[in-house]
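Below are the chains, spelled out letter by letter.
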Amino acid sequence: GDSVTQTEGLVTLTKGLPVMLNCTYQTTYSPFLFWYVQHLNEAPKLLLKSSTDNKRTEHQGFYATLHKSSSSFHLQKSSVQLSDSALYFCALRGGSFNKLTFGAGTRLAVCP
Amino acid sequence: GALVYQYPRRTICKSGTSMRMECQAVGFQATSVAWYRQSPQKTFELIALSTVNSAIKYEQNFTQEKFPISHPNLSFSSMTVLNAYLEDRGLYLCGARDGQGRTEVFFGKGTRLTVV
C-alpha cells in the first residue's frame, strides 16, 4: 500500500535560518503530494500540494518540488519565523481518489 | 470559504461507554468524509472513508461495529466510538472534500477523546 516517510521528531531552529523537512513516499499510482501544517489546538491546514513532476510550488514563503524520480516532496523555507512553529505533515493521495496517507509528522520549533 | 466544524472539541468518557462526534461542512458539499485518529505520539490513521450514496469503507483494524459512521447528506457526518477503552484515546479528525474536482481536504479541529 501507500506510505509516507518524513523527517521524524523535532526540528529546532533559530529565527531567520533556512529549513528543509524531508518527505519521501511510496505508491504504485500517480502521486499527489500535500503538506499540511497544524498549529497548537488547531485543525491541519493545507500548505502546499503538487502532482506535477519537477515543478516548484510555493505558498506563504514555503516551497516544495515533487520529484518522481526520487519519490520526494521536501518542504523548504529560506528564513523561518517564530510563527512557523507547528507540526508539519506530508500526505500522499495515491490509489484512492479520496484517501490521504499521512507521514508521522515533524514538529518545527523556531526560537528567537 | 469552506469550513468544517467538528464537535465536541473534547470529551471524557468512562471505560466501556460510548461517545459520538459530529462534523458539519459549511461553504461546500461534503461528498466525501474521512475520519482519522491521531493517537499519542502517532500520525493520522485513517479509520474509514464515507462517500455519499456509497458504502462506507473501513480500514484494516477498524470496524463498523466499533466505529459506526453516519453520512446522511452533503453537509453532515457523525462517528461513534462504541465501548471506548484506553487504546481509543486520541484526537479524532474528520476531513471532508467536495466532488467538484478540487483536491483539498478540509479538516475539522478535532475531537480529543480521553478515556478514564
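Our structure is the block above this text.
Fair warning: this is a prediction, and the values are worked out from it, not measured in the lab.

A.B. asks: Quick question: what am I supposed to make of the layout of surface pockets here?
C.D. replies: Empty space among the atoms can be located by rolling a probe the size of a water molecule over them. In this structure, the largest pocket spans a volume of roughly 740 Å³. Lining the largest pocket are 30 residues; nearest its centre among them are Gln38, Leu87 and Arg107 of chain A together with Gln38 and Arg112 of chain B. Where the lining of the largest pocket is concerned, the elements lending two or more residues are β10 (86–93) and β12 (106–111) of chain A together with β9 (90–97) and β11 (111–115) of chain B. Here the residues of the lining of the largest pocket are counted per class, giving 8 nonpolar, 13 polar and 9 charged. Approximately 570 Å³ is the volume found for the second largest pocket.

A.B. asks: Looking at this model, I keep getting lost on the interface of chain B and chain A. Mind explaining?
C.D. replies: A common way to state how big an interface is: give the accessible area lost once the parts meet. Between chain B and chain A, the residue contacts involve 20 residues of the former and 21 residues of the latter. Taken over both partners, the interface formed by chain B and chain A buries close to 1700 Å², and the fraction arising from carbon and sulfur atoms is 55%. Where chain B packs against chain A, one counts 1 salt bridge. Notably, a salt bridge pairs Glu42 of chain A with Lys109 of chain B, separated by 3.4 Å at the nearest N-O pair. Here chain B and chain A share 4 residue pairs in polar contact (both at pLDDT 80 or more) between them. Mapped by element, the contributors of at least two residues to the side of chain B that touches chain A are β4 (32–38), β5 (44–51) and β9 of chain B. Of all the elements, β5 of chain B adds the most residues to the side of chain B that touches chain A, at 4 residues. Taken together, the residues of the side of chain B that touches chain A sort by class into 8 nonpolar, 6 polar and 6 charged.

A.B. asks: Explanation requested: empty space enclosed by the protein in the structure shown.
C.D. replies: All names here are of chain B. Inspection of every chain in the model, using the stated rule, returns 2 cavities of 30 Å³ or more. If you add up the space inside the largest cavity, you get close to 40 Å³. Elements supplying a minimum of two residues to the lining of the largest cavity: β3 (19–26) and β8 (76–81). Of all the elements, β3 adds the most residues to the lining of the largest cavity, at 3 residues. Looking at the lining of the largest cavity residue by residue, the class counts come to 7 nonpolar, 4 polar and no charged.

A.B. asks: Mind showing me how you'd approach the state of the cysteines here?
C.D. replies: Defined simply, a disulfide is a covalent bond joining two cysteines at their sulfur atoms. Residue and element names in this part refer to chain A. With the rule as written, the count across this model stands at 2 disulfides over all chains. Across the disulfide, Cys23 is cross-linked to Cys90 (sulfur-sulfur distance 1.9 Å). One quick way to see it: the torsion about the S-S bond of Cys23 and Cys90 is about -65°, and its sign makes the bridge left-handed. With a gap of 67 residues between them, Cys23 in strand β4 (residues 23–26) and Cys90 in strand β10 connect regions that are remote in the sequence.

A.B. asks: So what exactly am I meant to see when it comes to the nonpolar core here?
C.D. replies: As a rule of thumb, nonpolar side chains are buried together in soluble globular proteins. In terms of nonpolar packing, the biggest core is built from 25 residues, with Trp35, Ile47, Phe67, Met79, Val81 and Tyr92 of chain B touching the most fellow members. Every element with two or more residues in this core is listed here: β3, β4, β5, β8, β9 and β11 of chain B. Sequence-distant contacts of Met79 of chain B, that is, excluding residues within four places in its chain, are made with Met19, Arg20, Met21, Trp35, Ile47, Phe67, Pro68, Ile69 and Tyr92 of chain B. Leu33, Val37, Phe62 and Tyr88 of chain A belong to the second-largest nonpolar core, a separate cluster that totals 24 residues.

A.B. asks: Would you take a moment to explain unusual backbone geometry for this structure?
C.D. replies: Looking along the chain, the bond that leaves Tyr7 of chain B and enters Pro8 of chain B is cis, with omega of 0°. Structurally, Pro8 of chain B is set in the loop between β1 (3–7) and β2 (10–13). At Asn54 of chain A, a position not held by glycine, the phi torsion is positive, near 60°. The residue Asn54 of chain A is located in the loop between β6 (45–50) and β7 (56–59) in this model. Of note, Asn53 of chain B is a non-glycine position whose phi angle comes to about 70°, a positive value. Position of Asn53 of chain B relative to the elements: it lies in the loop between β5 and β6 (57–58).

A.B. asks: Looking at this structure, how should I read the sheet that holds β7 of chain A?
C.D. replies: Neighbouring strands of a sheet are bound in pairs by backbone hydrogen bonds; such pairs are parallel or else antiparallel. All names here are of chain A. Within the open sheet, the 4 strands sit side by side as β3-β9-β8-β7. Their pairing is antiparallel. Strands at the two margins of the open sheet, each flanked by one partner only, are β3 (19–21) and β7. Neighbour-to-neighbour, the strand axes of the sheet open up by a mean angle of 20°, direction not taken into account. Pairing of β7 with strand β8 (residues 62–65) involves 4 bridges; the strand directions are antiparallel. Each residue of the ladder has a partner; that of Thr57, found in β8, is Ala64.

Criteria and thresholds
- Residues numbered from 1 in each chain as written.
- Chains lettered and ligands numbered in written order.
- Predicted model: local features only at pLDDT ≥ 70, side-chain atom pairs only at ≥ 80, totals over all residues.
- Heavy atoms only, no water.
- 1 Å grid on protein atoms, 1.4 Å probe; cavity = no way out; pocket = protein on both sides within 12 Å on 5 of 7 lines; lining within 4 Å.
- Points joined across faces, edges and corners; volume = space filled by probe spheres on them.
- Helix = DSSP H or I, 4+ residues; strand = E, 2+ residues; numbered from the N terminus.
- Nonpolar A, V, L, I, M, F, W, Y, C, P; charged D, E, K, R; others polar.
- Contact = heavy atoms within 4.5 Å.
- Buried area = accessible area lost by both parts, 1.4 Å probe.
- Salt bridge = Lys/Arg side-chain N within 4 Å of Asp/Glu carboxyl O.
- Polar contact = N/O pair within 3.5 Å; in protein donor to acceptor, adjacent residues only side chain to side chain.
- Disulfide = S-S within 2.5 Å.
- Core = buried A, V, L, I, M, F, W, Y, C linked by side-chain atoms within 4.5 Å.
- Buried < 20%, exposed > 50% of the residue type's maximum accessible area, 1.4 Å probe, protein only.
- Pairing = 2+ DSSP bridges.
- Axes fitted to C-alpha atoms, helices over the stretch in contact; angles between N-to-C directions.

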